[in-house]
Amino acid sequence: MIQVENLVKAFGPKLAVNDVSFTVERGEVLGFLGPNGAGKSTTMRMVTGFIPPTSGTIRVAGYDVLENPLPAKRRIGYLPENAPGYGDMTVQGFLLFAAELRGLRGAARRSAVDRAVELCFLENVRYQVIDTLSKGYKHRTCLAQSLVHDPDVLVMDEPTDGLDPNQKHEVRNLIKRMGANKAIVFSTHILEEVEAACSRVIIIDRGRIVANGTPEELKARAPNAGAAWLRVKGVPAALLAGGLSGIANAANAEILRDEGGIVEIRVYPDKARPGGSLTGEVAELAAQQKWQLEELQTEEGRLDEVFRAITLPDTVKGH
Amino acid sequence: MNAWFNVKAIVKRELGGYFTSPIAYVFLIIFLLLTGFFTFTVGSFFERGEASLVSFFTWHPWLYLFLVPAVGMRLWSEERRLGTIELLLTMPVTTWEALVGKFLASWLFLALALALTFPVVITVNYLGNPDNGVIFTGYVGSLLLAGAYLAVTCMTSAMTRNQVISFILAVLICLFLILAGYEPVTGLLSRFASARVVDLVAAFSVMTHFEGFQRGVVDLRDILFFASLMGFALFTTGVILRSHRAG
């Protein structure tokens, strides 16, 4: 549904977006991750046709956003950053206006607004003026605006920003539910959100895509992904470490804690030899050596570790 | 057809926006009070002893100088400040539809303000036998004048997020449009410039082109002047909006 090829956006000499390509199909939820200023919002603004790219092509539902913007825009629902809205209108009036510009008329328009109000839990504030709403309600009003015409493509810039934990949860569920039959792109810098709602993740840093895959694939890139973690009582740490690094699939063992006869140790897998259960082999070795295992588990990588490993902090110069 | 629906939707929203806040009512009251004050007190309507609305229309270029920018200053600057421009322009509407819709809404609002001055027409008809054709062309000219100022304000409001700056810029440009044809200024200019230069400068003035309407003369050139001024200002607005987005 969304095809982006070699997208470049220059603001003066600065490349905000540098050669970004990706596609999103129906049924996919793509999470856009990246540090602040990485080019997430700029990319979304180009996809929705708000700003023209310096070069590259964007197709939405088969229509070129630059050459044929109106049919493309008709199929997109867009939640801009900071969820703007016309403060002097009521929620109902604002949604009716959005529906009208989306080409809905008469009864279809009213039922579309009813549906959006219900979907975004706005019933309580329906006839209130937007300026008088709390941030969470304002945000959901703008979200409702993006859903009013039941679009095939949804582009959301930080959809859970400024919501309380319950509302965040609701919105995430909503995204996941809608993702079943729409193509959705949303940006965030909350990593748990990506795991909760996305079928695919793109990490963007300084205008470039630095990672693209499912959350599981990305997590596997963490240094400790697939590592075995164990706690043993009454065995000297050095002996343990020596024994464990001798396992064929293990790269090395790291002693995490050594206090009062309790040792915690992490065995990293040898990335050159994929496959094979490191944890199983550790358990076998422990049984052979009659080590007293208190706990043994396989570690999953964590997204924040991957994120930190592949995006550079702002304080780092150069690149 | 679709374009017209979009324009209509935007006009409705904008007009609604005026009337949900007290600004519209405050503006209407100030406008009516000032027109009354200028017509009857400054313009000495009664002392003139003629059955015409000359003392009413003469002041419009000056009244509008402040009131029209006040109506139009928020048109685009507010959209940019709040970020709603991003919503509006990612809807399936063209920039031109949005532009025309917003302009028309404000122009309609000004037309309403102007229409509410009807008691002055009744008064002059009650007191004497004015030429109502002249009064009608006066109203047409006044509406065109307001539209021209409004288009200029539209342009300045697209330039900045700050309403105050947009207001001041609009007043300055409109002041120039008045002064270029204002008699004291053309008189001063004619002392050291040839008559052709003076005429050329005066041709850019709304005063020169508004005058005919007050006398009941509808000159195609005057209509063209106002139409092209509006067209030019709105076109420039579109270009400014586009250049902001292009970054």
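Residues take numbers from 1 onward in each chain, read along the sequence in its written order. Following the order in which they are written, the chains are lettered starting with A and the ligands numbered starting with 1. Where local features are concerned, this predicted model is filtered to residues with pLDDT of at least 70; where side-chain atom pairs are given and counted, the filter is 80 or more; whole-chain, interface and lining totals use all residues.

A. The overall build of chain B, seen in detail. In terms of helices and strands, chain B carries 15 helices and 0 strands. Its C-alpha atoms give chain B a radius of gyration of 19 Å, within 12% of the compact-globule value 18 Å for 247 residues. Around each residue's C-beta, the other C-beta atoms within 10 Å are counted; 20 or more make the residue buried, 12 or fewer make it exposed, and counts in between make it partly exposed. All C-beta atoms are placed from the backbone. Taken across its 247 residues, chain B has 39% of its residues classed as buried. Every helix listed is a DSSP run of H or I at least four residues long, and every strand listed is a run of E at least two residues long, numbered separately from the N terminus. Using C-alpha atoms as the atom set, the radius of gyration is obtained and then compared with a globule rule of 2.2 Å times the number of residues to the power 0.38.

B. Inspection of the overall build of chain A at higher detail. Across its full length, chain A holds 11 helices and 14 strands. Dimensions along the principal axes, computed over C-alpha positions, put chain A at roughly 80 × 45 × 35 Å. Residue burial in chain A is summarised as follows: out of 319 residues, 43% are buried. Contact between two residues is assigned when their C-beta atoms, built from the backbone, lie within 7 Å. In chain A, the share of contacts with a sequence separation of at least 24, taken over all contacts with a separation of at least 6, comes to 67%.

C. Examining the sheet that holds strand β12 (residues 250-259) of chain A more closely. Residues and elements named next belong to chain A. At least two DSSP bridges between two strands are required for those strands to pair. Read across the sheet, 4 strands follow the order β12-β13-β11-β14 without closing on themselves; strand pairing throughout is antiparallel. Two strands lie at the open edges of the sheet, namely β12 and β14 (292-298), each paired on one side alone. Strand-to-strand, the axes of this sheet are offset by a mean angle of 20 degrees, without reference to chain direction. Judged from the 6 bridges that link them, strand β11 (residues 228-233) and β14 form a sheet pairing that is antiparallel. Note on β14: the bridge partner recorded for K233 is Q292. In the packing of helix α9 (residues 237-245) onto the sheet, contacts are made with β11, β12 and β13 (262-269), and the angle to β12 comes to roughly 165 degrees. Each of β11, β12, β13 and β14 is contacted by helix α10 (residues 278-289), which is oriented at about 170 degrees to β14, the strand it contacts most. Axis lines are fitted through C-alpha atoms, for helices just across the contact stretch, and the angle between N-to-C directions can take any value from 0 to 180 degrees.

D. Just the interface of chain A and chain B, in detail. Contacts between chain A and chain B engage 21 residues on the former and 19 residues on the latter. Of the residues contributing to the side of chain A that touches chain B, the split by class is 11 nonpolar, 5 polar and 5 charged. Residues are grouped as follows: Ala, Val, Leu, Ile, Met, Phe, Trp, Tyr, Cys and Pro are nonpolar; Asp, Glu, Lys and Arg are charged; every other residue, Gly included, is polar.

E. Molecular detail of the sheet that holds strand β8 (residues 183-188) of chain A. All names here are of chain A. Pairing is mixed in the open sheet, where 6 strands are placed in the order β6-β7-β8-β3-β9-β10. Of all the strands in the sheet, the pair left with one neighbour each is β6 (76-79) and β10 (208-213). Looking at each pair of strands side by side, their axes are set apart by 15 degrees on average, direction ignored. Strand direction decides the pairing type here: strand β7 (residues 153-157) and β8, joined by 5 bridges, are parallel. Along β8, the bridge assignment pairs D157 with S187. Lying over the sheet, helix α5 (residues 135-147) contacts β6 and β7, oriented at roughly 170 degrees with respect to β6. Of the strands in this sheet, β3 (29-33), β7 and β8 touch helix α6 (residues 165-178), which is tilted by about 150 degrees from β8.

F. Summary view of the packing of helix α8 (residues 95-115) of chain B against helix α15 (residues 220-246) of chain B. All names here are of chain B. It is at 10 Å that the axes of α8 and α15 come closest, and there the two elements cross at 130 degrees. Our classification of the angle between α8 and α15 gives oblique. Between α8 and α15 lies a crossing of right-handed hand. Where α8 approaches α15, its residues T95, W96, L99 and F103 are matched on the opposing element by L234, T237, G238, L241 and R242. Residues that form the contact of α8 with α15 fall into these classes: 5 nonpolar, 3 polar and 1 charged. Angle categories are assigned with fixed cut-offs, so that under 35 degrees is roughly parallel, over 145 is roughly antiparallel, 65 to 115 is roughly perpendicular, and the rest are oblique. Definitions for this section: a left-handed crossing has its near helix turned counterclockwise from the far helix by less than a right angle. A right-handed crossing has that turn clockwise.

G. Summary view of the environment of G238 of chain B. Residues and elements named next belong to chain B. Structurally, G238 is set in helix α15. Once the C-alpha coordinates of G238 and V206 are considered, the two residues, 32 residues apart in sequence, prove to be 23 Å apart. With sequence-adjacent residues up to four places away left out, G238 is seen in contact with T95, W96 and L99.

H. Main features of unusual backbone geometry. Residues and elements named next belong to chain A. The residue N6 is not glycine, and still its phi comes out positive at about 50 degrees. Counting through the fold element by element, N6 comes out in strand β1 (residues 2-11). Phi at F121 takes a positive value of approximately 55 degrees, unusual for a residue other than glycine. Its location among the elements puts F121 in the loop between α4 (106-119) and α5.

I. Local environment of the environment of V125 of chain A. Here V125 of chain A shows up in the loop between α4 and α5. Classification of V125 of chain A by C-beta neighbours within 10 Å gives buried; the count is 20.

J. Quick peek at the domain arrangement of chain A. An automatic or database domain assignment supplies the start and end points of every domain. Split into domains, chain A comes out as domain 1 (2-219) and domain 2 (228-299). Each of domain 1 of chain A and domain 2 of chain A has a C-alpha centre, and the two are 46 Å apart.

K. Representation of α10 of chain A within the structure. Taking 1.5 Å of rise per residue, the 12 residues of α10 of chain A would be expected to cover 16 Å, and the 16 Å separating its terminal C-alpha atoms lies within 8% of that figure. Of the residues trailing α10 of chain A, K290 of chain A is marked for its positive phi of about 60 degrees. Expected helix span is taken as 1.5 Å per residue step, with the number of steps being one fewer than the number of residues.

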